Amino acid sequence: MREQFEQLKMHLWMVLHHRWTALGAAVLVCAMGWAGLEAVDDRYQVDAKVYLDTKAALQPLFQGPNGAQTWSPQQSALLIKRTLLTRENIERVINDTDLKKKVKTPEDLDKMVMNLAERISVKRLMPAVDEEANSRNDAPADIYAISFESTNRELALNIVKSVLDLFVERFSYLTKTSTREAAEFLDREIAAYARNLGEAEERLKQFKLDNPGVLLGANGQTYSQRVEALQSELEAAKVSLREAEFRAAALRVQIQNMAASRVPVSVGGAAPGQTVLDQQIATAEARLSELLLNYTEQHPDVIGLRRQLAEMKEQKKKGLDVPAGGAPVVYAPATDTSGARLLLTEAEARAAAMKEQIALKEQQLLDLRPLAETVPKVEAELARLNRDYEVIKATYAELVHRRETISLSAGAQSAGGDSMFKVIEAPRLPLVPVGPQRTLFTTAIFLAALALGTGLGWMRAQSRPTFYTRNQLATISGVPVLGAITMNWSVMEVARRQFGMLLFGLVVLALLAVYLGVLIHNGYDIKPLLKTVVEPFRMIQA
């Protein structure tokens, strides 16, 4: 820290040694800078603000059928600016003001037109009270600002007035012309799209007539949907068939088990001369007659009973019969199988129906196979025709909606009168310049002069090396400095040095006073600064 302090002390001595060079450079820079700043003319800005309901006037022309905006407020502001700042309008502004006196040649006119086109500002102001609303582009109104800067206050005022007159004139013309031309354009487009829509409908109808049964089935399904439906139905029928066959097989086994279980049945006494086999045969034939009343010849009970009759008759032929001495005995099924046989009949009937349905679905799939290559092409063409038709239909509906919107907008403009346009702030002669910022530039010149003077004094000290401190001498020479001899100044020399320091201080104070005077001249209120400087002394005295 001590080394840094010594370095600072050394550099300060270097500048003080050449203080008159530094002060002279600072005074010269301040004089030149402040004189140049004074030579710069003040710039005055004239503003005018107008209210223009561009959303109501122009947005309906560029609004979709669903109410969505297709033209942003920024685009409307750009259109307004381009409409105003055309070459024809700028030339009219030149002719309406004193600028026409400066035009001597066509080249001068071109340069002036380009200059004014860049300097005239027409921009849309966004309300600052609701930034969220501004981000959504739903500000309650459009306010346009027209501004122009010039060193001539009257010229700036006349230019803004002329542009404002053009704004009023061109807006009325733009609104009426745009509405009329847009309505005529939309009428032509609606008629053309109506013809295109009719032609698209006719092409679609003719295509469907030329491809009957290929595109859609009886229930409105496409080819792929029909194939998928048939395959699903075929798989379901096969599953139902397997279920019916399995149930029928199970019922047959159940019936066979029920028929194999028999119990003896006694009958009445024998007639005279009858044998046991005669009685059994008569009983079996009676039982058979009863069974045939309810079942067919293929019934298991009928088949079994006929087999028993055949065996008994074969025994009678062989002479194995005996006279009837008691009650005969026959055997019948132990369980009634009529319910199971009814379920078996239903299962067999369902299986037969499923077989017929499977055969029908397979035949339908075979009939659709030849269309496998034709149908995709036909469906693709149908999709293209439908797409073209929907696009034309949607465009036609949007054009009709816009035409109705324009009609309503034109009616609203006629009923609203001047409510869409109003001058909020008329242009007026400015009293306070907007530039240059003289206070800021005055201070900047003063600080730059001090920095330049200090740097120049330091550089002169570098060009004429001098040892200012013992430490500096010891550091540069590398030899220890044992002591220093103080200069013995004479009375005349001391008085001369004191007078020089006093004169230097007076010049510095004079420069500071001139700086404050320039600030006051440029309109700076110095009272707060003086109050800040004096306040500490008042506190000390209190």
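Computed from a predicted model, the values in this text were never measured in an experiment.

## Here's the deal with the confidence of the model for the protein
Caution applies to low-pLDDT parts of the model: their predicted coordinates are not meant to be read in detail.
Here comes step 1: Per-residue confidence for the protein gives a mean pLDDT of 76; residues scoring 70 or more make up 73%.
Here comes step 2: Per-element confidence in the protein is highest for helix α2 (residues 19–39), whose mean pLDDT is 92, and lowest for helix α7 (residues 131–135), whose mean pLDDT is 41.
Here comes step 3: Long-range and interchain partners of residues 64–68, a stretch whose pLDDT sits below 50, account for 6 contacts in this model, where long-range means more than four residues apart.
Here comes step 4: Scored below 50 in pLDDT, residues 266–272 shows 11 contacts in the model against residues more than four places distant or in partner chains.

## Looking at the packing of aromatic side chains
For any pair of aromatic rings, geometry is given as the distance between the ring centres together with the angle between the planes.
Here comes step 1: Within the structure shown, the criterion is met by 5 aromatic pairs.
Here comes step 2: Where W34 meets Y515, the ring centres are 6.2 Å apart and the plane angle is 25°; that geometry is what we call stacked. Taken together, the residues span a long stretch of sequence, with W34 in helix α2 and Y515 in helix α16 (residues 491–521) at a distance of 481 residues.
Here comes step 3: A relative accessible area of 9% means that W34 is categorised as buried.
Here comes step 4: Exposure remark for Y515: the relative accessible area of 11% places this residue in the buried category.
Here comes step 5: Between F446 and Y515 the ring centres are 4.4 Å apart and the planes differ by 15°, which places this aromatic pair in the stacked class. One end of the pair, F446, is in helix α14 (residues 438–463); the other, Y515, is in helix α16, with 69 residues separating them in the sequence. Of the two residues examined, F446 and Y515, each falls in the buried class.
Here comes step 6: Linked through ring pairs, W34, F446 and Y515 together constitute an aromatic cluster.
Here comes step 7: The ring centre of Y44 lies 5.4 Å from the NZ or CZ of R153, which sits over that ring.

## Comments concerning unusual backbone geometry
Here comes step 1: Note the cis peptide between G435 and P436, where omega equals -5°.
Here comes step 2: Within the secondary structure layout, P436 lies in the loop between β6 (421–425) and α14.

## Considering the pattern of salt bridges
Here comes step 1: Scanning the model with the defined rule gives 10 salt bridges in all.
Here comes step 2: As a salt-bridge pair, D96 and R92 come within 4.0 Å of each other at their nearest N and O atoms. Here R92 and D96 lie together in helix α5 (residues 87–96), a separation of 4 residues that amounts to about one turn.
Here comes step 3: On the accessibility criterion, R92 (32% relative accessible area) is partly exposed.
Here comes step 4: A salt bridge links E202 to K205; the nearest nitrogen and oxygen atoms lie 3.4 Å apart.

Criteria and cut-off values
Residues numbered from 1 in each chain as written. Predicted model: local features only at pLDDT ≥ 70, side-chain atom pairs only at ≥ 80, totals over all residues. Heavy atoms only, no water. pLDDT = per-residue confidence, 0-100. Helix = DSSP H or I, 4+ residues; strand = E, 2+ residues; numbered from the N terminus. Contact = heavy atoms within 4.5 Å. Phe/Tyr/Trp six-rings, centres within 6.5 Å; stacked < 30°, edge-to-face > 60°. Buried < 20%, exposed > 50% of the residue type's maximum accessible area, 1.4 Å probe, protein only. Lys NZ or Arg CZ within 6 Å of the ring centre and 35° of its normal. Salt bridge = Lys/Arg side-chain N within 4 Å of Asp/Glu carboxyl O.

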